[in-house]
Amino acid sequence: GDDDDDDESKKYAASQLKAQLLYRVGRSGESVSLYNDLFTRFPTKTKECSSSAVNLIAALVAAGCSDKILQALKKIGTTPKASFELAFNVACGLLVSGEFHDATQYLQLAKTLGESTLHDEGLSGDEIKHELAPIDAQLAFCEAELGRTELATDLYKKVLSLNGSDAATNAVCVTNLAVLVGPRGEGGTELMKKVEKLTDGEGNVSQNVSTLSSIAATKKTLVHNRAVALVHGNRLEMVKASLESVTQICGGYVAAALEVAVASRERRPKDAFVSLENALKDAVAAGDKLSQRDALLTIAQLHATSGEFGQAVESLKKAGDTDADGLKTSPAFVATIAALFDLAGDSASADSALDEMLARVGTHTTGVPCSATLRAADRSLRRGRPIEALVAYEKLVTTSGITEEEAQTAIAGVVKAAAAGGDLQKAETFSKNLVAMKAWHDKLDPDLLEESLPASVVQRSKELLIKEGSRFSKRKNDATGVDGNSKAESRKRKKKKVLLPKGFDPEKTNNPLPDPERWLPKRERSYFKGKKKKLAVRGAQGAAHMTGDLKLKEFSGGAGGGDVDGISKTKPGGLDPSIAEKLLGKGKGKKKKGGKR
């Protein structure tokens, strides 16, 4: 009867609540089992509740069972188009599986359904943006994984600019954006500080983002990123204090890598090698291939930094022997070994490594990218082996799935290699297929290129003007232009406004204009003709007019002295008495003023 229905409803509600709590505390596997039991015991009620399917898919993703999502959807008889929350959770499962293209499509579907649904519910445009912020965050993650870093950065910044109340979404955006930007990028320092605040030294997630701790992988990422941010902030003592919690949550290799970073910053390379050797031994004992690979790669990096290129190659080869994720056949791995051989002065070994990669071109198992093959073929051509380069270029030309730019580059390589090998007919035949290059050539004007400045010079001048930021630079830029071409228009001088006395009416012809020098004292005005002191004109020494008496007294010492008509009249006795009296100080002179002592 009714009592039985009430008991069933209570049991259903209690099971729903228990499943949600299990998911929240991180016991996702138990939550999945309980949801499956609900769909079996209460199929009607569970299917009527739209959140049941959404919570089941979320629990499957958190439990690492993303491969069972489609099977679960078929079992409960629903599709991702049922709601935007369900489409979003399905996309998250595809993200975990690494299917980023499909995940992007489901995220776009979730965003479209969400905008329509929330608009029907009466939400405003800003409120809809806040509600769909998690979808934009996951779209940014997909773009970053697909190599579109700039688009991912813009999406993360767009979500953070909303200043939404969803702290978990903001924390995810901050963490991922810090990884993309780096500590030295735009806003990198502030992002690193925000990352540090997400967890503490003991590995506890902050209360405002506690929902992220329910997923073990997410918590591990937060703890690891905090330690990395501390290293970039040069707070090494805090890093050392958090090593124990990092070891427990993230594993031994992550802690060893942090010890290496700290030892390198403190200039203790021997301690760094010891930490890595210990981590490598632990990984070998545990049979962890990935940790072995990471430890050996880090050891190789330390050897290369120290200039020990031969030992770096040996460590890389050991890392390749672990065969973790096909590292040995990776083009980047081969290119790194070749570069280290070049630095060590062993060009033959570098060529041998690249030849092995060229031999794998065209096979579907290795997945050698076109860019790596082009680089290896160019190297062979520079080394004087045009036949090997020609074979590689021709295989790329016939390969499907490459871009137009890569195809044109491969055709140009065929032309160069064939010409270098003496096959001019083949070179001429393939040169006719360079349609894109011919189109670029037709667009260029040789005369304009010769007259214009190089792009690097123009760009550098713009950077200098921005850096200086002075008014002089701006005026100079306005007057001459960045490209060096002078402008016809000259800057007009602004006329100084004439200050008129109060009540002055310039319309009346009888009123003369006021004196512009009325502000100056009268003696400083240009038309002042008052009394001025007459200054005696003084010439050079000895240029003044001299009387006859003075002329006689100048060197003779008396009125009767001097030479007259060439006869000396100077007395042999000495100077004139009046002159001698003055020289001896016996004449009348000014008395000295008495001063106070």
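What counts and what doesn't
Residues numbered from 1 in each chain as written. Predicted model: local features only at pLDDT ≥ 70, side-chain atom pairs only at ≥ 80, totals over all residues. Heavy atoms only, no water. Helix = DSSP H or I, 4+ residues; strand = E, 2+ residues; numbered from the N terminus. Buried < 20%, exposed > 50% of the residue type's maximum accessible area, 1.4 Å probe, protein only. Contact = heavy atoms within 4.5 Å. Areas by Shrake-Rupley, 256 points an atom, 1.4 Å probe, with all protein chains shown as cover. Core = buried A, V, L, I, M, F, W, Y, C linked by side-chain atoms within 4.5 Å. Phe/Tyr/Trp six-rings, centres within 6.5 Å; stacked < 30°, edge-to-face > 60°. Axes fitted to C-alpha atoms, helices over the stretch in contact; angles between N-to-C directions. Parallel < 35°, antiparallel > 145°, perpendicular 65-115°, else oblique. Left-handed = near helix turned anticlockwise from the far one by under 90°. Nonpolar A, V, L, I, M, F, W, Y, C, P; charged D, E, K, R; others polar. Arc of directions from axis to C-beta. pLDDT = per-residue confidence, 0-100. Disulfide = S-S within 2.5 Å. Expected span 1.5 Å × (residues − 1). Salt bridge = Lys/Arg side-chain N within 4 Å of Asp/Glu carboxyl O. Patch = residues over 30% accessible without salt bridge, like charges linked within 9 Å, V, L, I, M, F, W, Y side chains within 5 Å. Lys, Arg positive; Asp, Glu negative; His and termini not counted. Charge placed at Lys NZ, Arg CZ, Asp CG, Glu CD.

A. Focus on the overall build of the chain. Assigned secondary structure in the chain consists of 31 helices and two strands. Per-residue burial over the chain gives 32% buried out of 597 residues. Across the chain, contacts joining residues at least 24 apart in sequence account for 46% of those joining residues at least 6 apart. Split by element, the accessible area of the chain, about 40300 Å² in all, is 53% carbon and sulfur.

B. Representation of the nonpolar core. Ranked by size, the top nonpolar core spans 53 residues in total, and within it Leu56, Ile57, Leu60, Ile69, Leu73, Leu107 and Ile135 carry the most contacts. Here the element with the most residues in this core is helix 6 (residues 84–96); it accounts for nine residues. Other than its neighbours up to four places away in sequence, leucine 56 contacts Val32, Tyr35, Asn36, Phe39 and Ala72. Grouped together as the second largest cluster of nonpolar side chains are 26 residues, Ala272, Ala295, Ala319 and Ala376 included.

C. Local environment of the packing of aromatic side chains. Applying the stated rule across the entire model yields one aromatic pair. Taking the centre distance of 6.3 Å and the plane angle of 65° together, the rings of phenylalanine 100 and phenylalanine 141 count as edge-to-face. In this pair, phenylalanine 100 is assigned in helix 7 (residues 100–120) and phenylalanine 141 in helix 9 (residues 133–145), connecting sequence segments 41 residues apart.

D. Here's a closer look at the environment of glutamate 85. Tracing the backbone through its elements, the reader meets glutamate 85 in helix 6. Expressed as a C-alpha distance, the spacing of glutamate 85 and isoleucine 57, which sit 28 residues apart in the sequence, is 10.0 Å.

E. Representation of the packing of helix 24 (residues 404–420) against helix 25 (residues 424–431) within the structure. Orientation of helix 24 relative to helix 25, taken along the N-to-C sense of each, is 160°, at an axis distance of 7 Å. Put simply, helix 24 runs roughly antiparallel to helix 25. Helix 25 is crossed by helix 24, and the crossing has left-handed handedness. Contact residues: Ile411, Val414, Val415, Ala418 and Ala419 in helix 24; Leu424, Lys426, Ala427, Phe430 and Ser431 in helix 25. Looking at the contact of helix 24 with helix 25, its residues break down into eight nonpolar, one polar and one charged.

F. Inspection of unusual backbone geometry at higher detail. Of note, the phi angle at asparagine 234 is positive, near 65°, even though the residue is not glycine. Within the secondary structure, asparagine 234 is located in the loop between helix 13 (216–232) and helix 14 (236–241).

G. Region of the structure containing helix 5 (residues 69–76). Residues Ile69, Ala72, Leu73 and Ile76 constitute the buried set of helix 5. Along the axis of helix 5, the buried residues cluster in a sector spanning 100°; they form a single face. For helix 5, the exposed residues lying more than 90 degrees away from the buried face are Leu70, Gln71, Lys74 and Lys75. In the core, the buried residues of helix 5 are packed alongside helix 2 (28–41), helix 3 (43–48), helix 4 (50–62) and helix 6. Phi for glycine 77, located one or two positions after helix 5, is positive at around 70°.

H. Main features of the side chain of threonine 169. Structurally, threonine 169 is set in helix 11 (residues 167–181). In contact with threonine 169, other than residues within four places in its own chain, are Ala133, Pro134, Ala137 and Val159.

I. Quick look at the packing of helix 4 against helix 5. One way to put it is that helix 4 packs onto helix 5 with a least axis distance of 10 Å and a crossing angle of 160°. Taken together, the axes of helix 4 and helix 5 lie roughly antiparallel to each other. Both helix 4 and helix 5 take part in a crossing whose hand is right-handed. Listed contacts from helix 5 to Ala53, Leu56, Ile57, Leu60 and Val61 of helix 4 are Ile69, Ala72, Leu73 and Ile76. Split by residue class, the contact of helix 4 with helix 5 holds nine nonpolar, no polar and no charged.

J. Looking closely at the confidence of the model for the chain. For the chain, mean pLDDT is 77; residues scoring 70 or higher make up 77% of the total. Low pLDDT, under 50, characterises residues 362–366; the predicted model gives this stretch one contact beyond four residues in sequence or across chains.

K. Quick peek at the state of the cysteines. Counting across every chain of the model gives zero disulfides. Here cysteine 92 is not disulfide-linked; the sulfur of cysteine 142 is the nearest cysteine sulfur, at 8.8 Å. You can call cysteine 92 buried: its relative accessible area is 12%.

L. Quick look at helix 4. With 13 residues, helix 4 extends 19 Å between its outermost C-alpha atoms, agreeing within 8% with the 18 Å of an ideal straight helix rising 1.5 Å per residue. Where helix 4 is concerned, the buried positions are Ser52, Ala53, Val54, Leu56, Ile57, Ala58, Ala59, Leu60 and Val61. Looking at the residues trailing helix 4, positive phi occurs at glycine 64, about 80°.

M. The arrangement of the environment of histidine 232 in detail. Looking at the secondary structure, you find histidine 232 in helix 13. Classification of histidine 232 by relative accessible area gives partly exposed; the value is 38%. When the C-alpha atoms of histidine 232 and proline 183 are compared, they prove to be 6.8 Å apart, with 49 residues separating the residues in sequence. Not counting residues within four places of it along the chain, the set of residues in contact with histidine 232 comprises Pro183, Met192 and Arg265.

N. Layout of the side chain of glutamine 292. Inspection of the secondary structure puts glutamine 292 in helix 18 (residues 289–305). Of the residues examined, glutamine 292 reaches a relative accessible area of 11% and is grouped as buried. With near-sequence residues (within four places) excluded, glutamine 292 lies in contact with Leu280, Ala283, Val284, Gly287 and Thr322.

O. Spatial organisation of the pattern of salt bridges. Scanning the entire structure with this criterion turns up 13 salt bridges. Between glutamate 237 and lysine 240 there is a salt bridge whose closest N-O contact spans 3.7 Å. Taken as a pair, glutamate 237 and lysine 240 lie in helix 14 at a separation of three residues, close to a single helical turn. Assessed through its relative accessible area of 34%, lysine 240 is described here as partly exposed. Note that arginine 525 is salt-bridged to aspartate 515, the shortest N-O span being 3.9 Å. You can see arginine 525 sitting in the loop between helix 29 (471–480) and helix 30 (548–556) and its partner aspartate 515 sitting in the loop between helix 29 and helix 30, a full ten residues away along the chain. In this structure aspartate 515 comes out as partly exposed when scored by relative accessible area, which is 25%.

P. Looking closely at the environment of glycine 64. Relative to the helices and strands, glycine 64 resides in the loop between helix 4 and helix 5. Placed 32 residues apart in sequence, glycine 64 and valine 96 show a C-alpha to C-alpha distance of 8.0 Å.

Q. A negative patch on the surface, seen in detail. On the surface, Glu85, Asp120, Glu121, Asp126, Glu127, Glu131 and Asp166 cluster together into a patch of negative charge. Here the negative patch takes three residues from helix 8 (residues 125–131), the largest share from any one element. Of note, aspartate 166 is situated in the loop between helix 10 (149–161) and helix 11.

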